[in-house]
Amino acid sequence: MDSQIIALELMKIYGSSTSSLVRRLETPPKRLYARVNTLRATREEVLESLLREGVEAHPDDSISDAVYFEVQGPFKFECNASKAIVVDKKTAVSLMLGANLYRPGVIKITSFERGELLLAVSENYIPVACLEAALTHKEAMSLRKGLIGINRGSPYRAPRIAETKAYISGLIYSQSAPSILTSYALDPRKDELVVDMNAAPGGKTGHVVQLTSGRARVVAVDRNERKIEALTTTLLHLGLYLNVLPLSMDSRYIHLDLNLHEKADKVLIDPPCSNLGVRPLLGAKRTLSSVTSLAKYQRQFLKAAWHVLKPGGRLVYSTCTLTLSENEENIAYAVEYLGFSVAELESPPPYSDKVSYRGVTAYRFSPLLADMPGYFIAVLTK
Ligand code: SAH
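**Digging into the state of the cysteines**
Now for step 1: Summed over all chains, the structure comprises one disulfide.
Now for step 2: Disulfide pairing is shown between C79 and C130; the S-S distance is 2.1 Å. Disulfide C79 to C130: torsion about the S-S bond roughly 70°, handedness right-handed. Highlighted residues: C79 in the loop between strand 3 (66-70) and strand 4 (83-87) and C130 in strand 8 (residues 127-133), separated in sequence by 51 residues.
Now for step 3: Of all cysteine sulfurs, the one in C320 lies closest to C273, which takes part in no disulfide; the gap is 3.5 Å.
Now for step 4: On the basis of relative accessible area, C273 is assigned to the buried category, the value being 7%.
Now for step 5: Taking relative accessible area as the criterion, C320 reaches 21% and is therefore assigned partly exposed.

As structure tokens, this is what we get:
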């Protein structure tokens, strides 16, 4: 049922290619991207440092601060296991790419012995990897962090980026190419006031800091207090906690709560969405009503942004989903009802296609055209 609804939403845009699109969404892209922390190292230094520890990465031809790692597969994997372990969505994706299992990603476990094989499955029971238990069930239960299972078989393989020295020492940050390109579309400048309305975990906030060498004033808002703490920790770790004010609040009302009326030069809206562009898409649990209510929720950020943005200021709206209602239709609403104008970029972001809908121009990353996650970027001015 859910997948039918998703197919219907996607069919509005992708027509007869929808089934190939859905099949493509179920696989990871062949490239796994990371952003180089250019305030700490050059891309060449990072590539060399990775190579010294035996990890091969490549510079992206079109994005000057991006590197990518190649994903191998698909492989057939067999798992002679009689027990399963359920993991959260993010963990399922990394296990599928060959990562080991750590405690925080575990949702449900049955009892097992050290050395026993376990089939790791996603929350909707899609098998993602075969693991060898690194400790006993009892030991695992008492841990809050730490290694639970060693990956002994997975459908894809990619370098374990989070275990590299470059990652641990804050020289790179895992981020998809479209996400990296979002901050470029925002084009933040020194001395500007930038309001990031959905900031956590801080990927784009950190990039804004990087692009302005820490000289923009960034207000980083997220409703989730724990995620705002994590954002601060991440920015500190990367050395990018420069002129950033992290705030845990509901940014739909930011114009009422803070004295920001027409003060921002740039606003970024990267709201919660139906995530249909995330690859591999592990059986999305979305209904039409959830897409509709998400679209309504997202419009509230656009309304608040109107108050906060200076006349002449720039708004970037991005999502990692592909539905019309969360993307083009929301932008058409921002133009028709709020008064924003569409700002075309001189050249579309690399790997994206320029799309037109009800007089709105925007940029779509369509996994069928470039092997990227599905993603959407629109640029507006007030
Ligand atoms: N821009 C981030 C990713 C944002 S994900 C990055 O690049 O790393 C969407 C975020 O919106 C989530 O962290 C969620 O907590 C936040 N969010 C949801 N509702 C919100 C609200 N009403 N006000 C502010 N943030 C909100």
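Okay, back to it.
**Some points on helix 3 (residues 43-52)**
Now for step 1: Buried within helix 3 are the following residues: R43, V46, L47, S49 and L50. All buried residues of helix 3 lie within an arc of 165° about the axis, which places them on one face of the element. Those residues of helix 3 that are exposed and aimed more than 90 degrees away from the buried face are L51 and R52.
Now for step 2: Contacts made by the buried residues of helix 3 are with strand 1 (31-36), strand 2 (58-59), strand 3, helix 6 (165-168) and strand 10 (172-174).
Now for step 3: Taken from the residues just after helix 3, G54 is the one with a positive phi, measuring 80°.

**Some thoughts on the site of the ligand**
Now for step 1: With respect to spatial proximity, 20 residues lie near the ligand, and among them N198, D222, D250, D270 and Y297 are the closest.
Now for step 2: With respect to the ligand, the backbone of G203 contributes an N or O atom lying 2.9 Å from an oxygen atom.
Now for step 3: Interatomic distance of 3.1 Å between a side-chain N/O atom of K204 and an oxygen atom of the ligand.
Now for step 4: Out of a free accessible area of 580 Å², the ligand has 87% covered by protein chains.
Now for step 5: Its residues assigned to classes, the shell around the ligand comprises eight nonpolar, five polar and seven charged.

**Description of the sheet that holds strand 3**
Now for step 1: The strand order 2-3-1-10 describes an open sheet built from four strands, whose pairing is antiparallel. Both outer strands of the open sheet, strand 2 and strand 10, are each paired with one neighbouring strand and no more.
Now for step 2: With five bridges joining them, strand 1 and strand 3 adopt antiparallel strand pairing. Its bridge partner lying in strand 3, A34 is registered against V67.

**Describing the pairing of strand 13 (residues 244-248)**
Now for step 1: As defined by bridge partners, strand 12 (residues 217-222) adjoins strand 13 across five bridges and the pair is classed as parallel. Bridging across to strand 13, A220 finds its partner in P246.

**Describing helix 12 (residues 328-338)**
Now for step 1: Listed as buried for helix 12 are E328, N330, I331, A332, Y333, A334 and L338.
Now for step 2: With its phi angle positive at about 100°, G339 sits one or two positions after the end of helix 12.

**Side note on the sheet that holds strand 9 (residues 147-153)**
Now for step 1: An order of 5-9-8-7-4-6 is seen for the six strands of this open sheet, with the pairing classed as mixed. Both edges of this open sheet fall to strand 5 (101-102) and strand 6 (106-109), since each of them pairs with a single strand only.
Now for step 2: Contacts from helix 4 (residues 89-96) reach strand 4, strand 5, strand 7 (117-121), strand 8 and strand 9 within the one sheet, and its direction differs from that of strand 8 by about 80°.

So, how was this worked out
Residues numbered from 1 in each chain as written. Predicted model: local features only at pLDDT ≥ 70, side-chain atom pairs only at ≥ 80, totals over all residues. Heavy atoms only, no water. Disulfide = S-S within 2.5 Å. Helix = DSSP H or I, 4+ residues; strand = E, 2+ residues; numbered from the N terminus. Buried < 20%, exposed > 50% of the residue type's maximum accessible area, 1.4 Å probe, protein only. Arc of directions from axis to C-beta. Contact = heavy atoms within 4.5 Å. Near = heavy atom within 4 Å. Polar contact = N/O pair within 3.5 Å; in protein donor to acceptor, adjacent residues only side chain to side chain. Areas by Shrake-Rupley, 256 points an atom, 1.4 Å probe, with all protein chains shown as cover. Nonpolar A, V, L, I, M, F, W, Y, C, P; charged D, E, K, R; others polar. Pairing = 2+ DSSP bridges. Axes fitted to C-alpha atoms, helices over the stretch in contact; angles between N-to-C directions.

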